[in-house]
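Remarks on the overall topology
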Amino acid sequence: METKKTAAKPEADMKKLATELAKDAKAVETKAAAAVKKPAATAKKKASTAKKATSKAAASAKKTVAKAGEAVKKTVAKVAAKASDTKVKVEIQDDFGNSKNIDDIKADILASTKKKSVKKIDVYVKPSQNAVYYVADGDAGSIKLFG
C-alpha cells in the first residue's frame, strides 16, 4: 500500500508543480506585458508633454509678437503726434513795415493758380522785388508780395 501512496504522491506533486509553473509563467508573462506597456505609455506621455510645450511656446511667441507690434504702433503714433504738433509760423517783412505770413502767401498762390487744392508748393520770396515765385504741382508762376 505504501507503494501506491508513494506513486500517487509524486503524481500529485507533479500536478502541483505544473500548476505553480503555469502560475509563474503567467506572472512572468503579465510582468513582461506591463514592462512593454510602461515604456509605451511613457513615450506617449513624453510626446503629449512635448506637444503641449510646443503649443505653449508658439502661443507665447504669438503674444510676444503681438505685444511688440503694439509697442511699435504706439511709438509710431507718438512720433507722428510730435511731428504734427510742431507748428511753424513764417512772417515776411519789408523795409517799409509791411508784413505777410506764409498762410496768406499760400492762399494768394492758390487763388492765382485757380486750383482748389495743391499737393506741393515750392516758394521763393524776394522782398526786394516785391515778388513771390512759386511752383505749384509743376506749374510755375509769380504773385506780388505786398499790395
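These notes cover the structure that comes with them. (Residues numbered from 1 in each chain as written. Predicted model: local features only at pLDDT ≥ 70, side-chain atom pairs only at ≥ 80, totals over all residues. Heavy atoms only, no water.)

1. Overview of the overall build of the chain
If you tally the helices and strands in the chain, you get two helices and five strands. Each helix and strand of the chain, placed in order from N terminus to C terminus, yields the pattern α-β-β-α-β-β-β. For the chain, the proportion of its 147 residues judged to be buried stands at 10%. When the accessible surface of the chain is split by element, carbon and sulfur atoms take 60% of a total near 12,600 Å². (Helix = DSSP H or I, 4+ residues; strand = E, 2+ residues; numbered from the N terminus. Buried < 20%, exposed > 50% of the residue type's maximum accessible area, 1.4 Å probe, protein only. Areas by Shrake-Rupley, 256 points an atom, 1.4 Å probe, with all protein chains shown as cover.)

2. So, the pattern of salt bridges
A complete count under the given rule lists one salt bridge for this structure. A salt bridge links K100 to D108; the nearest nitrogen and oxygen atoms lie 2.7 Å apart. By relative accessible area, which is 30% here, D108 ends up partly exposed. (Salt bridge = Lys/Arg side-chain N within 4 Å of Asp/Glu carboxyl O.)

3. Digging into the sheet that holds strand β5 (residues 139-144)
Within the open sheet, the three strands sit side by side as β3-β4-β5. Their pairing is antiparallel. Bordering the open sheet on either side are β3 (121-126) and β5, each of which pairs with just one other strand. Sheet twist, expressed as the average angle between the axes of neighbouring strands with direction ignored, equals 20 degrees. Bridge count for β3 against strand β4 (residues 131-136) is six bridges, and the pairing is antiparallel. Following the sheet pairing, K126 is matched in β4 by A131. Contacts from helix α2 (residues 102-113) reach β3, β4 and β5 within the one sheet, and its direction differs from that of β4 by about 65 degrees. (Pairing = 2+ DSSP bridges. Axes fitted to C-alpha atoms, helices over the stretch in contact; angles between N-to-C directions. Contact = heavy atoms within 4.5 Å.)

4. Thoughts on unusual backbone geometry
Unusually for a residue other than glycine, N130 sits at a positive phi of about 55 degrees. Position of N130 among the secondary structure elements: in the loop between β3 and β4. The class for N130 is partly exposed, based on a relative accessible area of 25%. Positive phi values are uncommon outside glycine, yet D137 reaches one of about 50 degrees. By secondary structure assignment, the location of D137 is in the loop between β4 and β5.

5. Quick word on the pairing of β5
Relative to β5, β4 runs antiparallel, the two being bridged by six bridges. Counterpart to Y133 in the pairing with β5 is S142.

6. Section: the nonpolar core
I92, I105, I109, L110, V118, V132, Y134, A136, I143, L145 and F146 form the largest nonpolar core, which has eleven residues in total. Looking at this core, the elements with two or more residues in it are α2 and β4. Those residues in contact with V118 that sit more than four places away from it in its chain are L110, T113, A136 and D137. (Core = buried A, V, L, I, M, F, W, Y, C linked by side-chain atoms within 4.5 Å.)

7. Concerning the environment of Y133
The topology assignment puts Y133 in strand β4. C-alpha separation for the pair Y133 and I143, spaced ten residues apart in sequence, amounts to 6.7 Å. Within the local environment of Y133, its side chain forms a polar contact with the side chain of Q129, the two groups lying 2.9 Å apart. (Polar contact = N/O pair within 3.5 Å; in protein donor to acceptor, adjacent residues only side chain to side chain.)

8. Overview of a nonpolar patch on the surface
On the surface, M14, L17 and L21 cluster together into a nonpolar patch covering about 320 Å² of accessible area. Its relative accessible area of 55% is what places M14 among the exposed residues. (Patch = residues over 30% accessible without salt bridge, like charges linked within 9 Å, V, L, I, M, F, W, Y side chains within 5 Å.)

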